[in-house]
Structure formats: C-alpha cells, structure tokens
Amino acid sequence: MPKNKTHKGTKKRFRLTATGKAKHRQSGTSHLQARMSPKRRRNLRGTTTVATCMETMVQRALGKHSA
C-alpha cells in the first residue's frame, strides 16, 4: 500500500491540539478592517476550533503532521 500524503494546504492552515481538535485562524483578519466595528475586530482575535463535523476530515488530511 502507498503512504498517505499530508495535504499541504491543510498543514498551513490548521494545527491539532493535544486532544485532537483542530485550531485555525479566523477569517477576515488580514485586511479591510476599517469597515468593521471594534467589537467585531476584537472578537476575531486569536484562534478557534473547527466544528466537530469537520474534525475528522482535517485530522485525515494532516496525517501525522500537526505542527
């Protein structure tokens, strides 16, 4: 059987926690923030976890490389 390859786009965007959840940066944080309210900008800070229905797909795409 051939080896499974890590999906490189997923590797750049997600990282697994110790419990197996996938962390990611929130969308809408790179530019065009002048039109956003300060509250919305503040709430977009930091990272969030992926929805539970998407976790297994992200884990499969990452393979063994979560860092």
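Residues numbered from 1 in each chain as written. Predicted model: local features only at pLDDT ≥ 70, side-chain atom pairs only at ≥ 80, totals over all residues. Heavy atoms only, no water.

Chemist: Which parts of the structure should I look at to understand the overall build of the protein?
Modeler: Regarding its fold elements, the protein presents three helices and three strands. Helices and strands appear in the protein in the N-to-C order α-β-β-α-β-α. Since a compact globule built from 67 residues should have a radius of gyration of about 11 Å, the 15 Å found for the protein marks it as more spread out than a globular shape. Taking all 67 residues of the protein together, 18% fall into the buried category. Summarising the internal contacts of the protein: among those between residues at least 6 apart in sequence, 59% fall at separations of at least 24. With an accessible surface of roughly 5,900 Å², the protein has 52% of that area assigned to carbon and sulfur atoms. (Helix = DSSP H or I, 4+ residues; strand = E, 2+ residues; numbered from the N terminus. Rg over C-alpha atoms; globule rule 2.2 N^0.38 Å. Buried < 20%, exposed > 50% of the residue type's maximum accessible area, 1.4 Å probe, protein only. Contact = heavy atoms within 4.5 Å. Areas by Shrake-Rupley, 256 points an atom, 1.4 Å probe, with all protein chains shown as cover.)

Chemist: Could you clarify how one ought to interpret the sheet that holds strand E3 (residues 47-49) in this entry?
Modeler: Within a sheet, each strand pairs with its neighbour through backbone hydrogen bonds, oriented either parallel or antiparallel. The strand order across the open sheet built from three strands is E1-E2-E3, with neighbouring strands paired in antiparallel fashion. In the strand order of this sheet, the two ends are held by strand E1 (14-16) and E3, each with one partner. For this sheet the average axis-to-axis angle between neighbouring strands, irrespective of direction, equals 35°. For strand E2 (residues 22-25) and E3, the ladder comprises three bridges, and the chain directions are antiparallel. Residue lysine 23 lies in a different strand from E3, and its bridge partner there is threonine 49. (Pairing = 2+ DSSP bridges. Axes fitted to C-alpha atoms, helices over the stretch in contact; angles between N-to-C directions.)

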